[in-house]
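# Analysis of the macromolecular model
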Amino acid sequence: MTSQAVGVPTADSTRTEPAAARAIDLTKVYGSGDTQVAALAGVSVEFAKGEFTAIMGPSGSGKSTLMHCLAGLDAASSGTVRIGETDLTDLSDKQMTKLRRDRIGFVFQAFNLVPTLTALENITLPLDIAGRKPDQDWLDTVLKRLGLIDRLTHRPSELSGGQQQRVACARALAGKPEIIFGDEPTGNLDSRASEEVLTILRAAVDEFGQTVVIVTHEPHAAGFADRVVFLADGRIVDEMRDPTADSVLDRMKALEQA
């Protein structure tokens, strides 16, 4: 187990291809004057292709803000965000919508399923909106791996929380996105369902070659990642490779005490 302080973009000097996502000197400020709050204070970090990264930090550290800026869900106050070689600051609203739809997958704490649609209709909804037909072989592989074949005609109200989140994972994977972002994807789940979803995200990296980045406050969830990035007060203060739940918990305790 190694732990490394981070003050500059975390990059592999031997890597020739661009990172899946990258932030360069990213700042995000809310409010003004006496009420101004810097949620991000010059964050530089990158996320390698084909890797599972967890973003962690104390409450108010800026972890969700960082992910939302990386995913194009929120605009940074200054700095640069790239998905692959695309600079998000150069995109129009229409181009940003297309990028999120075609190149990014999302898994949220609240599932965000449409209650009137079946599981299959929810899974293919982003593709339907984009006017794209799913790659049926790929979709079948995803559905089988997630154990959803016998749940495709069920509506969300007929599914357990874990099953709903599996549908959300399938929706994120269905379009073969370059990167999947998860904002507390296990936050509303019991321990068994949480384990299922984390195993799926791990398999997305190991079996499908996807890139996964999640925000979590759970050391157990972070233990599924290849790497954990720690934030405090809007800055990256450390990172850890090959984490375990215990090593992450120890680091989080130290951050909170600091």
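See above for the structure.
Keep in mind that what you see is a predicted model, and the values were worked out from it rather than measured.

### Focus: the overall build of the protein
Looking only at helices and strands, the protein features 8 helices and 11 strands. Over its C-alpha trace the protein gives a radius of gyration of 18 Å, about what one expects of a compact globule, namely 18 Å for 258 residues. Here the analysis covers contacts within the protein between residues at least 6 apart in sequence; of these, 71% occur between residues at least 24 apart. Roughly 12000 Å² of accessible area belongs to the protein as shown, and the carbon and sulfur atoms make up 47% of that amount. Across the protein, the mean location of the 27 positive side-chain charges is 4 Å away from that of the 36 negative side-chain charges.

### Regarding the packing of aromatic side chains
The full count for this structure, using the stated rule, is 2 aromatic pairs. Note on Phe-106 and Phe-108: the rings are 5.6 Å apart at their centroids and 10° apart in plane angle, and the pair reads as stacked. The ring of Phe-230 is capped by Arg-251, whose NZ or CZ atom sits 6.0 Å from the centre of that ring.

### Description of the environment of Ile-104
Residue placement: Ile-104 occurs in strand β7 (residues 104-108). Sequence separation between Ile-104 and Phe-181 is 77 residues; the distance between their C-alpha atoms is 7.4 Å. Each residue touching Ile-104, except ones within four places of it in the same chain, is listed here: Ala-71, Ile-83, Leu-99, Pro-177, Ile-179 and Phe-181.

### Remarks on the side chain of Thr-65
Position of Thr-65 among the secondary structure elements: in helix α1 (residues 63-70). Aside from chain neighbours lying at most four places away, what touches Thr-65 is Lys-28, Tyr-30, Ala-39 and Leu-40.

### A look at the pattern of salt bridges
Oppositely charged side chains may form a pair once their charged atoms are brought near each other. Following the criterion strictly, the structure yields 15 salt bridges and no others. Glu-239 is the partner of Arg-227 in a salt bridge, and the nearest nitrogen-oxygen pair spans 3.4 Å. With Arg-227 in strand β10 (residues 227-232) and Glu-239 in strand β11 (residues 235-241), this pair connects stretches of sequence that are 12 residues apart. Each member of the pair, Arg-227 as well as Glu-239, carries the same accessibility label: buried.

Parameters and conventions
- Residues numbered from 1 in each chain as written.
- Predicted model: local features only at pLDDT ≥ 70, side-chain atom pairs only at ≥ 80, totals over all residues.
- Heavy atoms only, no water.
- Helix = DSSP H or I, 4+ residues; strand = E, 2+ residues; numbered from the N terminus.
- Rg over C-alpha atoms; globule rule 2.2 N^0.38 Å.
- Contact = heavy atoms within 4.5 Å.
- Areas by Shrake-Rupley, 256 points an atom, 1.4 Å probe, with all protein chains shown as cover.
- Lys, Arg positive; Asp, Glu negative; His and termini not counted.
- Charge placed at Lys NZ, Arg CZ, Asp CG, Glu CD.
- Phe/Tyr/Trp six-rings, centres within 6.5 Å; stacked < 30°, edge-to-face > 60°.
- Lys NZ or Arg CZ within 6 Å of the ring centre and 35° of its normal.
- Salt bridge = Lys/Arg side-chain N within 4 Å of Asp/Glu carboxyl O.
- Buried < 20%, exposed > 50% of the residue type's maximum accessible area, 1.4 Å probe, protein only.

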